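# Coordinate analysis (summary)
If you want the building blocks of each chain, they are given just below.
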Amino acid sequence: MPLALLALAVGAFGIGTTEFVMMGLLPDVADDLNISLPEAGHLVSAYALGVVVGAPLLAAVTARMSRRKVLIGLMVLFVAGNALSAFAPDYHWLLAARFLSGLPHGAFFGVGAVVATTMVAPERKARSVSLMFLGLTVANIAGVPVATLMGQQLGWRATFLGVSTIGVVAIAALAKLIPHDDAHAPRVGVRGELAALRSLPVWLALGTTVAGFGALFAAYSYITPMLTDAAGFADSSVTLLLALFGVGATAGNLLGGRLADHSLRGTLFGGLTALVAVLALFPLLMSAEWSAGTAVVLLGTAAFVTGSPLQLMVMEKASAAPSLASSANQAAFNLANAGGAWIGGVALAAGFGVTSPALAGAGLAVLGLAVAGAAAVVDRRRVVAPQGRLVATHVPRDVEALHR
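Fair warning: this is a prediction, and the values are worked out from it, not measured in the lab. (Residues numbered from 1 in each chain as written. Predicted model: local features only at pLDDT ≥ 70, side-chain atom pairs only at ≥ 80, totals over all residues. Heavy atoms only, no water.)

### Examining the side chain of Asn140
- In this fold, Asn140 is placed in helix H5 (residues 125-154).
- Here the side chain of Asn140 touches Leu136 through a polar contact of 3.2 Å, landing on its backbone oxygen.
- The contacts of Asn140, once residues within four sequence positions are left out, are Phe20, Pro145, Leu242, Ala243 and Gly246. (Helix = DSSP H or I, 4+ residues; strand = E, 2+ residues; numbered from the N terminus. Polar contact = N/O pair within 3.5 Å; in protein donor to acceptor, adjacent residues only side chain to side chain. Contact = heavy atoms within 4.5 Å.)

### Topic: the packing of aromatic side chains
- Using the criterion set out here, one finds seven aromatic pairs in the structure.
- Measuring from centroid to centroid gives 6.1 Å for Phe108 and Phe109, while their planes differ by 85°, and the two rings are edge-to-face.
- Here Phe108 falls in the buried class, since its relative accessible area comes to 1%.
- Residues Phe213 and Phe333 carry aromatic rings whose centres are separated by 4.6 Å and whose planes lie at 85° to one another, so their mutual orientation is edge-to-face. Taken as a pair, Phe213 in helix H8 (residues 200-220) and Phe333 in helix H15 (residues 322-349) lie far apart in primary sequence, 120 residues in all. (Phe/Tyr/Trp six-rings, centres within 6.5 Å; stacked < 30°, edge-to-face > 60°. Buried < 20%, exposed > 50% of the residue type's maximum accessible area, 1.4 Å probe, protein only.)

### A closer look at the layout of surface pockets
- By volume, the largest pocket amounts to about 1,100 Å³.
- Around the largest pocket, the lining is made up of 35 residues, and of these Phe20, Met23, Gly24, Tyr220 and Leu242 lie nearest the centre.
- Those elements giving two or more residues to the lining of the largest pocket turn out to be helix H1 (4-33), helix H2 (37-61), H5, H8, helix H9 (223-230), helix H10 (238-260) and H15.
- In terms of residue count, H2 provides more of the lining of the largest pocket than any other element does, seven residues in total.
- Within the lining of the largest pocket, the residues separate by chemical class into 21 nonpolar, 11 polar and three charged. (1 Å grid on protein atoms, 1.4 Å probe; cavity = no way out; pocket = protein on both sides within 12 Å on 5 of 7 lines; lining within 4 Å. Points joined across faces, edges and corners; volume = space filled by probe spheres on them. Nonpolar A, V, L, I, M, F, W, Y, C, P; charged D, E, K, R; others polar.)

### Brief notes about the pattern of salt bridges
- Evaluation of the coordinates by the stated rule reveals four salt bridges.
- In this structure, Asp379 engages Lys317 in a salt bridge whose closest nitrogen and oxygen atoms are separated by 2.6 Å. Of this pair, Asp379 sits in helix H16 (residues 356-403) while Lys317 sits in helix H14 (residues 307-317), placing them 62 residues apart in sequence. (Salt bridge = Lys/Arg side-chain N within 4 Å of Asp/Glu carboxyl O.)

### Structural notes on the nonpolar core
- Counting 57 residues, the largest nonpolar core has Leu216, Phe282 and Met286 as the members making the most contacts within it.
- In terms of residue count, the dominant contributor to this core is H8 (10 residues).
- Leave out the neighbours within four places in its chain, and Leu216 touches Phe245, Leu299, Ala303 and Phe304.
- Leu5, Val70, Val111 and Val163 belong to the second largest nonpolar core, which has 37 residues in total. (Core = buried A, V, L, I, M, F, W, Y, C linked by side-chain atoms within 4.5 Å.)

### Some points on the packing of H2 against helix H4 (residues 91-118)
- Close contact between H2 and H4 brings their axes to 6 Å; oriented N to C, the two are set at 35°. Helix-helix and strand crossings are classified by hand; for H2 and H4 the assignment is right-handed.
- Here the residues of the contact of H2 with H4 are counted per class, giving 16 nonpolar, seven polar and two charged. (Axes fitted to C-alpha atoms, helices over the stretch in contact; angles between N-to-C directions. Left-handed = near helix turned anticlockwise from the far one by under 90°.)

### Thoughts on the confidence of the model for the protein chain
- In the predicted model, the protein chain carries a mean pLDDT of 85, and the fraction of residues at 70 or more is 90%.
- Model confidence for the protein chain, summarised as mean pLDDT per element, is weakest for helix H7 (residues 189-196) at 66 and strongest for helix H11 (residues 264-280) at 95.
- In this model residues 387-404 is a low-confidence stretch, pLDDT under 50, and it forms one contact with partners more than four residues away in sequence or in other chains. (pLDDT = per-residue confidence, 0-100.)

Given below as structure tokens:
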């Protein structure tokens, strides 16, 4: 694997850290800015909104630019957003800075995935994408806990200055390691990128992402009360257990990349099936501490096995213009985050029990399997249909020639 993938992983590490660290800093930010905890929660939503808006928008407007320059430019925007967060004078400035920080997120992963796959042999494409995503999963093991501790000890502003420093390192790595684009390489432009989104297989792949990762976030958004109220863990143990989730996610990501290079669709179906099983068993697994810890690891593993296959599938379905579709898949991940958390909350509010969000997630994973199955049927018909048309158009001509 080329060393350039390390530069993409460093950028992904910084992005993953700034995305998830805000959850742990909400009480500190609320106290410092004299706002309520629900108001501070809007800072998480502002970042997610930035991802959803920025992913397709930035990918589209940079379609004709050098992908190397686009990646560097996106990371410059990332550094600016986090630096502005560190120096925000009040809540509204911080809200705007968090939105700005989220803008480059989806486009970076989308364009980065395209660049990663162009640097390796075809049989290693999924692995190259998984190595870029490695930065995101490792951020949950090391980046988020360290950044949270930094914020608690030195103030939340120090955290965002630290994340900005990671961004600067990523810029240097991208400039040094990512190869220069061919100046004469054809670019499809905005119109060509948008045309890729008119494909039904692309939308089915995006729908699988929303349903599949919505299943994860339906459960993961409420993992803390499950661990404390159902499994009986102390509040102080939750941070370590969430790090175990990161370990599982990292293992699943690497495993999914390797398996998908052998069977893309098989890995996707296998990962979603495993996710259904893990989530369906969550109420039972949360009955004891040892099994609850195992469940957290298995949840991360099963969910992230599907990460690389989903990203690669969207890119393949939009092969003529993959940057926008690949970035749109990152927007789909964040829609899954918001939608899954909402559905899990509905189950919890309905009084079905503290582990009910996991069962709601199992239902979403089943929906993901159904959408993936529909995509497989559509692909099969698209392969068969041209052959049928070929026979239908050529047979009469042959018959006419024989009559002559």
